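The chain contents come next:
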Amino acid sequence: MADTLVTGGTGTLGRVLVERLRAAGRPTRVLSRRPGEGHAVGDLATGEGIDAAVRGCDVVVHCATGRKDGETSARLVEAALRNGAPHLVFISIVGIDRIPLGYYREKLAVERLLAGSGLPHTILRATQFHDLVAAMLGVLGRVPGMLAVPRGVAFQPVDVRDVADRLCALATGEPAGRVADLGGPEVRTFDDLARAWLEARGRRRRVVTVPVPGRLAAAVRDGANLVPEHADGRITFAQYLQGVGVAR
């Protein structure tokens, strides 16, 4: 069996995915700038070591992310085309074609790059991770006395373990192009999520909603970040906060 390469394999999602792939019997290496057990040393920012990392792989799962996703992903695609054209699985984000955010435009550019590359590929869009929602609330919660969140905004957070399970199944299957989106099991308003987050931490704080202007906020208020028809995740935000089933 040829190897699977995971970019971003030391990140929040990547670590769990690597565990899932290895548990499924897939020999898996992690692209990393630093040497280590199970690592393939390479740097997507420069292209150094990427050909060697891809060589001998029949699947590459691209979880690495950053402000220059289009540029770094192009290097990965070029290396894949030079080294056997492996099945490239890409994790993307729900709403990238509707939400005017630079980071999302980069993700959309990568999707289009893959679609026109000639590589066998699979693209999965997921909603925001529980970890991201909790991190946002952590930042907003630094204001003394209250927790202010944008008014009229809802999220459908999904657990990285659910995303890793789906990616593992896709990586061990046939290339499928863009597949059905993956959303968390619940759509909840941001203020509702904020209250759950405060309660889980034993903090007493007044939650207030504030109007936020602009096209970005308007797109999210319109539900561009939601896929209620694909509420296939199993782990709720409350379970995530309680540490239910945590295997990290």
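Structural data are supplied above this passage.
Residues numbered from 1 in each chain as written. Predicted model: local features only at pLDDT ≥ 70, side-chain atom pairs only at ≥ 80, totals over all residues. Heavy atoms only, no water.

**Looking at the overall build of the protein**
What counts, and what does not: Elements are defined by DSSP. Helices are runs of H or I of four residues or more, strands are runs of E of two residues or more, and each kind is numbered from the N terminus. Note that the radius of gyration is over C-alpha atoms, with the globule rule given as 2.2 Å times the number of residues to the power 0.38. Here's how the labels work: a residue is buried when its accessible area is under 20% of the maximum for its type, exposed when over 50%, partly exposed in between, all with a 1.4 Å probe on protein chains only. Only heavy atoms matter for contacts: two residues are in contact if any of them lie within 4.5 Å across the pair. For the accessible areas, the method is Shrake-Rupley and the probe is 1.4 Å, while residue cover comes only from the protein chains on display.
Regarding its fold elements, the protein presents nine helices and 11 strands. Relative to the compact-globule value of 18 Å for 248 residues, the protein shows a C-alpha radius of gyration of 19 Å, a close match. Seen along its three principal axes, the alpha-carbon backbone of the protein occupies a region of about 55 × 35 × 35 Å. When burial is assessed residue by residue, the protein has 48% of its 248 residues classed as buried. The contacts of the protein with a sequence gap of at least 6 include a subset with a gap of at least 24, amounting to 78%. Total accessible area on the protein is roughly 11,500 Å²; 52% of this is exposed by carbon and sulfur atoms.

**Details of the environment of L81**
On the secondary structure map, L81 appears in helix α3 (residues 69–82). In sequence terms L81 and V54 are 27 residues apart; their C-alpha atoms lie 9.7 Å from each other. Here L81 is in contact with S117 and L119, once residues within four sequence places are set aside.

**Overview of the packing of aromatic side chains**
This is how the line gets drawn: Any pair of Phe, Tyr and Trp rings, taking the six-membered ring for Trp, is counted once the centres come within 6.5 Å. Such a pair is stacked with planes under 30 degrees apart, edge-to-face with planes over 60 apart, and tilted for the rest.
Under the defined criterion, the tally for this structure stands at three aromatic pairs. Consider the rings of Y103 and Y104, whose centres lie 6.2 Å apart with planes at 50°: the pair is tilted. Taking 4.9 Å as the distance between ring centres and 75° as the angle between the ring planes, the aromatic pair formed by F155 and F190 counts as edge-to-face. One end of the pair, F155, is in strand β8 (residues 154–155); the other, F190, is in helix α7 (residues 190–200), with 35 residues separating them in the sequence. Residue F155 is classed as buried on the basis of its relative accessible area of 8%.

**Some points on the environment of R26**
Inspection of the secondary structure puts R26 in the loop between α1 (12–23) and β2 (28–32). Residue class for R26 comes out buried when judged on its relative accessible area of 12%. With 207 residues separating them along the chain, R26 and G233 place their C-alpha atoms 23 Å apart.

**Looking at the nonpolar core**
For the record, the criterion: Here, nonpolar core means buried Ala, Val, Leu, Ile, Met, Phe, Trp, Tyr and Cys residues that are tied together by side-chain atoms lying within 4.5 Å of each other.
Residues V133, L137, L147, V149, F190, W197 and F237 are the most contacted members of the largest nonpolar core, which totals 25 residues. Sorting the residues of this core by element identifies α4 (102–115), α5 (130–140), β7 (146–150), α7, α8 (215–221) and α9 (237–242) as the ones contributing at least two each. In terms of residues, this core owes the most to one element, α7, which gives six residues. If sequence neighbours within four positions are ignored, L137 has contacts with L147, V149, F190, L193, A194, W197 and F237.

**A closer look at the side chain of D159**
You can see D159 is positioned in the loop between β8 and α6 (160–171). Apart from residues lying up to four places away in sequence, D159 is in contact with H130, I235 and Y240.

**Focus on the packing of α5 against α7**
Here is the rule: Inter-axis angles, ranging from 0 to 180 degrees, are taken between N-to-C directions of lines fitted to C-alpha atoms, where helices are fitted over the stretch in contact. Angle categories: roughly parallel below 35 degrees, roughly antiparallel above 145, roughly perpendicular from 65 to 115, and oblique for all the rest. Amino acids are sorted into nonpolar (Ala, Val, Leu, Ile, Met, Phe, Trp, Tyr, Cys and Pro), charged (Asp, Glu, Lys and Arg) and polar (every other residue, Gly among them).
Relative to each other, α5 and α7 sit at 80°, their axes nearing to 10 Å. On the basis of the axis angle, α5 is roughly perpendicular to α7. Contacts from V133, A134, M136, L137, G138 and L140 in α5 reach F190, L193, A194 and W197 in α7. Among the residues forming the contact of α5 with α7, the class breakdown is nine nonpolar, one polar and no charged.

**Remarks on the pairing of β2**
The condition that has to hold: Any two strands with at least two DSSP-identified bridges between them are counted as paired. Note on handedness: a clockwise path from strand one over the helix to strand two, with the strands aimed away from the viewer, defines a right-handed crossover.
Counting buried residues in β2 gives five out of five residues, a clear majority hidden from the surface. Of the two faces of β2, the one lined by T28, V30 and S32 and the one lined by R29 and L31 are each fully buried. With three bridges connecting them, strand β1 (residues 3–7) and β2 associate as parallel partners. Within β2, the residue paired with T4 across the bridge is T28. A crossover links β1 with its parallel partner β2, the connecting element being α1, and its sense is right-handed. As defined by bridge partners, β2 adjoins strand β3 (residues 39–41) across three bridges and the pair is classed as parallel. Across the sheet, L31 pairs through a bridge with A40, a residue of β3.

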